[in-house]
Amino acid sequence: MAHAQKTSTPPAAASPETRRIVTGNRLRDGVPVYFAGDGRWSSVVAEARHVAAAEADALLAEAQAGVPPHPVVAPYLIEAVLRDHHPHPLSLREEIRAFGPTVQAAPAL
Amino acid sequence: MPLLKDGRIVEDPWRHLDDAESLPDGQVATVSLRRWTAEREALSRRPGRLGLRLPNDASPLALADDLASFDLVTLAFPRFTDGRAYSQARLLRARLGFRGELRATGNVLRDQLLFMRRCGIDAFEVGDRALAEDWPRALRELDLFYQPAEDGHPWIARQRALAG
Amino acid sequence: MYRYDEFDRRFLEERVAQYRDQVRRRLAGQLSEDEFRLLRLMNGLYLQLHAYMLRIAIPYGTLSPEKLRRLARIARRYDRGYGHFTTRQNIQFNWIKLEETPDILAELAEIEMHSIQTSGNCIRNTTADPFAGVAADEIEDPRPYCEIIRQWSTLHPEFSFLPRKFKIAVSGAAEDRAAVRVHDIGLYIRRNEAGEVGFEVLVGGGLGRTPIIGKTIRPFLPEAQLLPYLEAILRVYNAFGRRDNLYKSRIKILVQALGIEKMRDAVETEFAAMSESPLTLPDETIAAIAAHFAPPAYDAPAAEDEAVLGLALATTPALARWVERNTAPHRAPGHAIVTVSLKPPGRPPGDCSATQMELLAELAETYSHGEIRVTYEQNLVLPHVRRSDLPELWRRLGEAGLATANAGLASDIIACPGLDYCSLANARSIPIAERLSRHLAARDHEIGKLHIKISGCINACGHHHVGHIGILGVDKNGVEFYQITVGGSANENAALGAIIGPAVPSAEVTRAIDALIEVYLRLRRQGELFPETCRRVGLAPFKEALYAPA
């Protein structure tokens with residue numbers, strides 16, 4: 001989904017206060033998904049389970065667990081900030097993954 | 001390690017000797033290229049079947065005069081993305097006329113078997129026996145190819161000519 | 001255009017069935033992602049930021065109405081109603097589901113299309129001059145040779161696991177419209193003194209992290225020896241190309257390391273050993289393939305055609321502008337080559353909606369003898385248009401937003417998908433292209449020919465190295481910056497652009513490009529193109545304009 005034209009605002013410096021969440025692309029359709037805990041994955045980043053940096057590796061291990069076929073391709077950790085108690089990706093790249101391209105698709109025809 | 005050969009999974013009758021291991025007469029064995037280079041005289045006079053383990057960065061052309069000594073040449077695929085041995089296989093078959101067994105060893109994927117056979121490889125080391133039950137089927141999956149190859153199967157240009 | 005025979009069709013059917021089984025095994029957990037990745041890349045399927053991306057091959061850029069209609073159907077049924085034409089004459093769909101790809105490939109196979117080898121470390125789509133067969137300056141049509149190379153290179157058992165990707169381009173005209181000199185192998189069709197057809201073979205060109213212009217390895221190769229010689233080059237590359245470092249694996253690095261003389265020795269030695277190759281092309285084979293590309297039966301122009309057209313041009317300035325900018329001279333009297341711009345100012349370059357594709361299919365049938373092509377500049381070409389049809393064609397194109405009169409001008413920008421779509425990107429490219437094209441469109445005519453090319457990362461899919469003005473997106477501590485180069489060129493006088501200073505932030509890009517254009521307009525001589533001005537006056541005036549204190 002297109003959203004408001006984004007400018008690059010410098011991210012908050014990577015710091016212990018930022019949270020960590022796990023993301024990957026869903027195997028069957030490539031949609032970016034976020035680990036919500038309890039073996040569940042959501043395509044809504046606000047629903048991601050977020051932990052402090054010290055617990056990040058454990059969260060990733062939990063997300064990666066399971067018998068093949070794992071529903072998500074190559075899960076990895078990313079940084080997030082909390083907005084209104086919900087995680088929001090820190091980097092522009094991960095914002096674009098979460099919220100879609102910053103440009104409108106193709107001609108309106 | 002078991003092999004896929006002639007459409008079946010079979011046990012490997014060959015021993016693959018380290019450079020220091022002794023080589024009894026009559027033992028079906030492969031030696032490294034380094035050992036062949038060092039002991040060429042003695043090894044070529046030894047009765048019985050001998051095989052060569054060819055590293056994938058060695059030129060087969062340098063072995064043109066030696067191939068008559070080997071019943072087996074093994075080729076190396078250290079990672080499934082490393083395709084050097086495909087060229088070695090083609091040179092061995094097409095340029096140098098090698099008629100012995102050409103065997104793929106290392107990281108061999110089921111979906112690469114046909115490429116390998118088209119290059120003249122006729123035996124494949126099987127890493128995981130359970131998965132390899134499906135390998136003979138992989139070799140029958142396709143029968144049309146755009147390039148001439150070393151497995152005796154006619155390529156499309158040949159089939160077009162035959163179709164008239 | 002080439003029509004499949006029963007062997008081509010069955011070849012594709014076998015591969016579609018094989019791929020369907022590979023997807024089944026992946027979804028069932030029998031194939032790891034590592035192993036499957038190799039296989040899906042061989043069918044042009046990437047995993048990108050938002051979904052899978054499917055890159056469909058358009059061999060040497062040639063499409064038919066039937067194919068275009070099928071692409072429109074795929075866009076509607078499996079994607080979000082549009083596709084993106086690329087700098088290698090292919091088309092990409094950005095919103096694909098893995099589980100639907102076997103069906104998509106089956107639908108493509110029905111109309112003789114596929115996505116084989118549009119990715120991976122293998123020989124990719126062989127590209128060609130989009131004006132092939134119709135250009136007034138053509139020596140010989142490159143398409144038959146491209147089709148021959150296509151078949152030979154498709155799932156080649158020896159060359160499917162190369163150190164890195166491999167790209168071949170062919171040009172058969174005086175002007176190089178295929179960027180031949182920046183390909184791994186480039187082929188210029190030549191005639192020797194006896195009038196026989198052959199190739200000047202170049203090797204080791206490429207863009208990316210280490211851009212290099214290709215070098216001539218063989219000034220004249222007889223056409224019959226094309227495939228054996230290509231095999232010799234590929235065999236040397238397969239054996240000696242570096243595999244230890246992703247950024248040093250292309251053949252250009254090998255040529256650079258060995259030097260062209262040693263490279264030539266190695267290739268010629270291997271080639272000499274192949275003297276009786278079954279790949280040697282008999283005249284009948286070349287002729288049989290060439291017969292697929294025979295020109296259509298052109299209508300002879302009527303005596304009054306030019307006068308009627310002239311009146312239309314005189315009374316409709318917008319039409320006149322479009323004819324001047326977007327048509328090129330044709331070999332057949334009374335005909336023109338039409339460039340359909342996919343660069344409406346302010347929109348993503350190279351995108352085309354399903355509705356537009358369907359209209360273009362109909363226009364190709366009505367006005368272009370059923371043929372339409374893709375250029376590496378992300379535009380389309382209708383190659384067989386009667387000049388007397390130009391006004392009506394222009395009107396029909398205009399109704400669908402396809403009549404922008406900017407072919408080759410400043411607002412005709414090449415841009416990769418960039419960080420909005422691509423998982424390899426460091427910065428966005430489409431918003432820069434949109435901003436620039438919107439800003440420059442009103443000055444297109446004043447500026448004249450100007451090739452601006454934008455890449456979102458060093459992989460250079462936007463060809464920024466060979467833009468008159470090149471823009472490369474980089475990431476500085478999480479913020480998008482853009483490095484600017486000037487003086488590049490992609491034609492027969494290929495040149496790499498020079499970096500003129502530190503990267504500028506996103507908000508500064510438009511001002512920076514304006515400043516460069518001002519220098520060009522101020523200093524250029526009559527008819528001088530941007531790269532020529534750069535060569536003549538040097539970089540200093542451009543650097544000053546961009547970086548001198550205000």
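Trainee: What am I meant to see in the overall build of chain A here?
Mentor: Within chain A one finds two helices and five strands. Sequence-ordered secondary structure for chain A, helices as α and strands as β, is β-β-β-α-β-β-α. Every one of the 109 residues in chain A was classed for burial, and the buried ones make up 44%. Residue pairs in contact within chain A that sit at least 24 positions apart in sequence constitute 61% of those at least 6 positions apart. For chain A, the exposed area adds up to about 5,600 Å²; of that, 56% sits on carbon and sulfur atoms.

Trainee: How do you make sense of the interface of chain B and chain C when you look at a structure like this?
Mentor: Accessible area lost on assembly of the parts is the figure often given for the size of an interface. Chain B puts 32 residues into the contact, and the matching count from chain C is 41 residues. Across the chain B to chain C interface the summed buried area is about 3,300 Å²; carbon plus sulfur atoms make up 57%. The three residues of chain B that bury the most area against chain C are B:Phe115, B:Tyr146 and B:Gln147, which together make up 20% of that side's buried surface. Viewed at the interface, chain C and chain B are joined by nine salt bridges. For B:Asp143, the salt bridge goes to C:Arg10, with nearest N and O atoms at 3.6 Å. Counting every contact that joins chain B to chain C gives 21 residue pairs in polar contact (both at pLDDT 80 or more). Counting only elements with at least two residues in the side of chain B that touches chain C, the list comes to helix 2 (84–95), helix 3 (113–118) and helix 6 (156–163) of chain B.

Trainee: Looking at this structure, how should I read the interface of chain A and chain C?
Mentor: Across the boundary between the two partners, chain A contributes 32 residues, which contact 39 residues of chain C. Between chain A and chain C, roughly 2,800 Å² of surface is buried when both sides are summed, and carbon and sulfur atoms account for 60% of that area. Connecting chain A to chain C are one salt bridge. Ionic pairing is found between A:Arg28 and C:Glu99, a salt bridge with its closest N-O pair at 3.4 Å. For the pair chain A and chain C, the number of links is eight residue pairs in polar contact (both at pLDDT 80 or more). When residues of the side of chain A that touches chain C are traced back to their parent elements, those giving at least two are strand 1 (19–26) and helix 2 (92–99) of chain A. Among the elements that take part in the side of chain A that touches chain C, helix 2 of chain A stands out by supplying four residues, more than any other. Its residues assigned to classes, the side of chain A that touches chain C comprises 18 nonpolar, eight polar and six charged.

Trainee: Before we go on, may I ask you to explain the side chain of C:Ser368 in this structure?
Mentor: Residues and elements named next belong to chain C. Within the secondary structure layout, Ser-368 lies in the loop between helix 12 (354–367) and strand 14 (372–374). Of the polar contacts made by the side chain of Ser-368, one reaches the backbone nitrogen of His-384; its length is 3.1 Å. Other than its neighbours up to four places away in sequence, Ser-368 contacts Leu-363, Leu-382, Pro-383, His-384 and Val-385.

Trainee: Looking at this structure, how should I read the sheet that holds strand 13 (residues 351–353) of chain C?
Mentor: In any sheet, the strands associate via hydrogen bonds between backbone groups, in a parallel or an antiparallel arrangement. Residues and elements named next belong to chain C. The strand order 1-2-5-4-13 describes an open sheet built from five strands, whose pairing is antiparallel. In this open sheet, the two strands that pair with only one neighbour each are strand 1 (45–47) and strand 13. Adjacent strand axes in the sheet meet at a mean angle of 30 degrees, parallel and antiparallel pairs treated alike. The pairing of strand 1 with strand 2 (residues 52–56) spans three bridges and is antiparallel. Bridged to Tyr-46 within strand 2 is Met-53.

Conventions and cut-offs
Residues numbered from 1 in each chain as written. Chains lettered and ligands numbered in written order. Predicted model: local features only at pLDDT ≥ 70, side-chain atom pairs only at ≥ 80, totals over all residues. Heavy atoms only, no water. Helix = DSSP H or I, 4+ residues; strand = E, 2+ residues; numbered from the N terminus. Buried < 20%, exposed > 50% of the residue type's maximum accessible area, 1.4 Å probe, protein only. Contact = heavy atoms within 4.5 Å. Areas by Shrake-Rupley, 256 points an atom, 1.4 Å probe, with all protein chains shown as cover. Buried area = accessible area lost by both parts, 1.4 Å probe. Salt bridge = Lys/Arg side-chain N within 4 Å of Asp/Glu carboxyl O. Polar contact = N/O pair within 3.5 Å; in protein donor to acceptor, adjacent residues only side chain to side chain. Nonpolar A, V, L, I, M, F, W, Y, C, P; charged D, E, K, R; others polar. Pairing = 2+ DSSP bridges. Axes fitted to C-alpha atoms, helices over the stretch in contact; angles between N-to-C directions.

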